[in-house]
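So the chains spell out like this:
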Amino acid sequence: MNRSWAFHFRILAVLAVLGIAAFPVYWMAVTSMTSSEELFAGSPRLLPDPAQIGTYARALVSTPLLTWLGNSLIIALGTTALSLLLAILPAYALSRMSFRGKLLLALGLFVTQMLPEAMLVVPLYDIFSRFALLDSLTGLILANTAFAVPVVTWILKGAIDGIPTEIEEAARIDGCSRVGIVLTIVLPLIAPTLAAVTVIAFFQGWNEYVFAQTFISDESLKVASVGLASFVGELSTPMDTVTAVGLTYTLPAVVFYLLVQRYIVAGMTSGGVKG
Amino acid sequence: MALRFQNIKKKFGDLTVIRDISLDVGDDDFLVLLGPSGCGKSTLLRMIAGLEEVTSGEIHLNGRQVEHLPPSDRDMAFVFQSYALYPHMTVRRNITFPLIMREHKWWFHIPLVGYLAKRRIEARPDIRELVAITAQTLGLTQVLDKHPRTLSGGQRQRVALGRAMVRQPAAFLMDEPLSNLDAKLRTAMRAEIGRLHHRLGGTFVYVTHDQVEAMTMGTRIALLRGGDIQQFGTPREIYERPANTYVARFIGTPPMNLIEAQFQGNSLRIGDRLLRLPETAPRGDDRKVWLGIRPDAISLTAADAADALPARVTLVEHAGAESLLAFDPGNLRVGHDEDGQSEIMASQSGYSDIAAGDRVGLMLDIAQASYFDIDSGLRID
Ligand SMILES: Nc1ncnc2c1ncn2[C@@H]1O[C@H](COP(=O)(O)OP(=O)(O)O)[C@@H](O)[C@H]1O
Ligand SMILES: [Mg+2]
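Parameters and conventions
Residues numbered from 1 in each chain as written. Chains lettered and ligands numbered in written order. Predicted model: local features only at pLDDT ≥ 70, side-chain atom pairs only at ≥ 80, totals over all residues. Heavy atoms only, no water. Helix = DSSP H or I, 4+ residues; strand = E, 2+ residues; numbered from the N terminus. Rg over C-alpha atoms; globule rule 2.2 N^0.38 Å. Buried < 20%, exposed > 50% of the residue type's maximum accessible area, 1.4 Å probe, protein only. Contact = heavy atoms within 4.5 Å. Areas by Shrake-Rupley, 256 points an atom, 1.4 Å probe, with all protein chains shown as cover. Lys, Arg positive; Asp, Glu negative; His and termini not counted. Charge placed at Lys NZ, Arg CZ, Asp CG, Glu CD. Domains from an automatic or database assignment. Buried area = accessible area lost by both parts, 1.4 Å probe. Polar contact = N/O pair within 3.5 Å; in protein donor to acceptor, adjacent residues only side chain to side chain. Nonpolar A, V, L, I, M, F, W, Y, C, P; charged D, E, K, R; others polar. Salt bridge = Lys/Arg side-chain N within 4 Å of Asp/Glu carboxyl O. Core = buried A, V, L, I, M, F, W, Y, C linked by side-chain atoms within 4.5 Å. Pairing = 2+ DSSP bridges. Axes fitted to C-alpha atoms, helices over the stretch in contact; angles between N-to-C directions. Near = heavy atom within 4 Å.

### Some words on the overall build of chain A
Consideration 1: Counting its regular elements, chain A contains 14 helices and zero strands.
Consideration 2: For chain A, the α and β elements follow one another from N to C terminus as α-α-α-α-α-α-α-α-α-α-α-α-α-α.
Consideration 3: In terms of overall dimensions, chain A is more spread out than a globule: its C-alpha atoms have a radius of gyration of 23 Å, far above the 19 Å expected for 275 residues.
Consideration 4: Based on the C-alpha atoms only, the size of chain A along its principal axes is roughly 75 × 70 × 30 Å.
Consideration 5: Considering chain A as a whole, with its 275 residues, one finds that 41% of them fall into the buried category.
Consideration 6: Considering only contacts within chain A whose residues lie at least 6 apart along the sequence, 76% involve residues at least 24 apart.
Consideration 7: As presented, chain A carries roughly 14,800 Å² of accessible surface, and 73% of it is formed by carbon and sulfur atoms.
Consideration 8: Across chain A, 14 positive and 16 negative side-chain charges occur, with their mean positions spaced 15 Å apart.

### Regarding the domain arrangement of chain A
All names here are of chain A.
Consideration 1: For chain A, the domain assignment lists domain 1 (2–54) and domain 2 (63–273).
Consideration 2: The centre of domain 1, based on its C-alpha atoms, is set 31 Å off from the matching centre of domain 2.
Consideration 3: Counting from both sides, the interface comprises eight residues of domain 1 and, opposite them, seven residues of domain 2.
Consideration 4: Between domain 1 and domain 2, the buried area comes to about 590 Å², and carbon and sulfur atoms account for 76% of it.
Consideration 5: Three residues stand out in domain 1 for area buried against domain 2, namely Met28, Thr31 and Ser32, and they jointly supply 59% of the buried area on that side.
Consideration 6: Linking domain 1 to domain 2 there are one residue pair in polar contact (both at pLDDT 80 or more).
Consideration 7: Those elements giving two or more residues to the side of domain 1 that touches domain 2 turn out to be α1 (2–32) and α2 (36–39).
Consideration 8: A total of five residues in the side of domain 1 that touches domain 2 trace back to one element, the largest contributor, which is α1.
Consideration 9: The class makeup of the residues in the side of domain 1 that touches domain 2 is four nonpolar, four polar and no charged.

### Structural notes on the domain arrangement of chain B
Residues and elements named next belong to chain B.
Consideration 1: For chain B, the assigned domains are domain 1 (3–245) and domain 2 (254–380).
Consideration 2: For the pair domain 1 and domain 2, the summed buried area comes to about 750 Å², and 49% of that belongs to carbon and sulfur atoms.
Consideration 3: When the buried area of domain 1 at its contact with domain 2 is split by residue, Tyr239, Pro242 and Thr245 rank highest and sum to 59% of it.
Consideration 4: Where domain 1 packs against domain 2, one counts zero salt bridges.
Consideration 5: At the boundary of domain 1 and domain 2, one finds four residue pairs in polar contact (both at pLDDT 80 or more).
Consideration 6: A per-element tally of the side of domain 1 that touches domain 2 places helix α8 (residues 235–240) first, with three residues.
Consideration 7: Tallied by class, the residues present in the side of domain 1 that touches domain 2 amount to four nonpolar, two polar and three charged.

### Here we look at the nonpolar core
Consideration 1: If you look at the biggest cluster of nonpolar residues, it comprises 63 residues, and the most contacted ones within it are Leu156, Ile185 and Ile190 of chain A together with Phe5, Leu44 and Leu173 of chain B.
Consideration 2: Broken down by element, this core gets its largest block of residues, six residues, from helix α10 (residues 178–189) of chain A.
Consideration 3: Among all residues touching Leu173 of chain B, those that are not within four sequence positions of it are Leu45, Ile48, Ala49, Met76, Ala77, Phe78, Val79 and Val205 of chain B.
Consideration 4: Ile100, Tyr206, Ala214 and Val247 of chain B belong to the second largest nonpolar core, which has 46 residues in total.

### Considering the pattern of salt bridges
Consideration 1: One pass over the full model with this rule turns up 21 salt bridges over all chains.
Consideration 2: Two residues, Arg46 of chain B and Glu169 of chain A, come together in a salt bridge whose shortest N-O distance is 2.7 Å. Residue Arg46 of chain B is located in helix α1 (residues 41–49), and its partner Glu169 of chain A is located in helix α9 (residues 165–173); the two belong to separate chains. A single burial state applies to Arg46 of chain B and to Glu169 of chain A, both of which are buried.

### Here we look at the interface of chain A and chain B
Consideration 1: Counting residues at the interface gives 25 residues for chain A and 29 residues for chain B.
Consideration 2: Roughly 2,300 Å² is buried in total at the junction of chain A and chain B, and carbon and sulfur atoms are behind 62% of that figure.
Consideration 3: Seen at the junction of chain A and chain B, the total is three salt bridges.
Consideration 4: Of all the secondary structure elements, the ones that give two or more residues to the side of chain A that touches chain B are α9 and α10 of chain A.
Consideration 5: Of the residues in the side of chain A that touches chain B, the class split is twelve nonpolar, eight polar and five charged.

### Remarks on the sheet that holds strand β5 (residues 64–65) of chain B
All names here are of chain B.
Consideration 1: If you walk across this open sheet you meet the four strands as β2-β1-β4-β5, and the pairing is antiparallel. Only two strands of the sheet have a single neighbouring strand rather than two, namely β2 (15–25) and β5.
Consideration 2: Sheet strands touched by α1: β1 (3–12), β2 and β4 (56–61). Its angle to β1, the strand with the most contacts, is close to 115°.

### Here's the deal with the environment of Val122 of chain A
Residues and elements named next belong to chain A.
Consideration 1: Following the sequence through the fold, Val122 ends up in helix α7 (residues 117–130).
Consideration 2: A relative accessible area of 60% means that Val122 is categorised as exposed.
Consideration 3: Placed 93 residues apart in sequence, Val122 and Phe215 show a C-alpha to C-alpha distance of 10.0 Å.

### Thoughts on the site of ligand 1
Residues and elements named next belong to chain B.
Consideration 1: All residues in the neighbourhood of ligand 1 are listed as Phe12, Val17, Pro36, Ser37, Gly38, Cys39, Gly40, Lys41, Ser42 and Thr43.
Consideration 2: Residue Ser42 places a side-chain N or O atom 2.6 Å away from an oxygen atom belonging to ligand 1.
Consideration 3: Thr43 is positioned with one of its side-chain polar atoms (N or O) 2.5 Å from an oxygen atom of ligand 1.
Consideration 4: Within the complex, the protein chains bury 58% of what would otherwise be the 560 Å² of accessible surface of ligand 1.
Consideration 5: With three residues, α1 is the single largest residue contributor to the shell around ligand 1.
Consideration 6: Among the residues making up the shell around ligand 1, the classes are represented as four nonpolar, five polar and one charged.

Here it is, written out as structure tokens:
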């Protein structure tokens, strides 16, 4: 009796939190599907007006939305690929090997996390301008990767720590090289964590604003986060268009997350060794 | 001369784990490394496999010096205590893995290409047949396409054995492979591994802390303690002629009784009794020794019989086929190991009708006895 009360309370609490998290998105959805006249009327709509679906078509035509999304996608995927590529071997080394300065290196990874982007943006601007990385998506990918790699490395290290060393030793005896062990034993076993860090790195690239705003001035290289923000203060752009663009900006990210999260399942390593 | 260690030493930093070990085992020997937990058995085995580097010394396998070679070049298979199966691979792939590795090319690392290449090796008739035969031997045919997590402990153990078998290695190394199984399965697998050794031949090195496993499986036993070999010999030698009191107390359930005694001419004084020494027994003028006598070499008689040691029964355990009896040694001094047990133990076949508290006489069959120096604990012959 007591327990079921606690259970119901927990469900309610979860629903409340979900509601708070989801409401802005819902409000965007409603706003994007409300006619302009009604938007400025006294009482707001609570349900979307299906007749207003055309807002989305108009948003596609009247704004460079597709270009922005394309650029964001390039940056997010680039950041993801580069971060994983750069993080896997260090994560393995931090987990499995002992060498001088290991702790220092491990902690040093966090330094980049402690400094706010806003503080780094000026020195980075200077550096990027020397290397002709301003106004280029490559530059943004590099900057985002620098922020994603430490986190990804640490998370991967934690996952690799969880693989019993005997499994790797068995592979060594069976004739597997170090690289072979990483590729055929370690990576498959940490697949769920790889999926998780893929999401993290992807969103680092997809959502990033400060660098994208500062380093890019070419309109054709603008990313969605910056593009969306540029509506703020522009009186001429109707609210329904802005929210339509905003929702479209969220959509690919959600789809990506849903695609990847299927792989975030626990229990991959079970069964190999007897605990 | 199949496997030879020469002055093997191992240190972890300042901690010496293997002091100075030299041994020789023959081609078809089943060597058991036996000893209490922490004595360095696994470390020694891992050095043979190449998973741990030797600090100094040499290891030779079939005439080839191997201690500097990486594990994959030593032609040895290793069975881990924890099985160490590849959780993400099917049983078939687990067993085939060492064979695939043999033909591995760098381009197997290319995602799809490697996947197909490995599949092709796995599907090749010679390999399929080898896997099928191995699986048949181990009773794994039904589970070849399952993943390890769906198997029972015993089946996982067999997969680990199968992975070792398909390679047809020069040496099989096993680190307490049965310790995670329940008692019944352990006995069955013990026999299984024994048969495997008979059929495949080759050198087996088997680590265990279980003396029953050691005695039943080994053709040679090396008993280790604190990184030193206490005795190296056949199970029979170790049982009948222990090299020192440690070995005497380690082997046998219950272990050998150690009773303080003194040589006197052709007799042996125990307490206030004088027993006649057999021809074969050592002599020593008034030398104090430990008399080592196995529980089954003690028989019971009346408390006041001549030549019998009077004793009071403190405990009787009936184990079906035999009964174990413990006696208060009275004013006799008895030797013991770390467990501090200081009773004289005797075993009798059948169901004993003696009860705790009874006073009996102990007849020692000293024709089967061992003698050890009272200070050093070394065997006297
Ligand atoms: N990698 C290591 N680093 C430091 N000490 C170790 C290491 N491996 C084992 N030891 C120590 O060596 C001793 C022997 O260990 P081990 O060979 O595993 O014993 P056993 O297998 O006989 O129980 C133990 O005292 C253990 O703590
Ligand atoms: Mg061990």
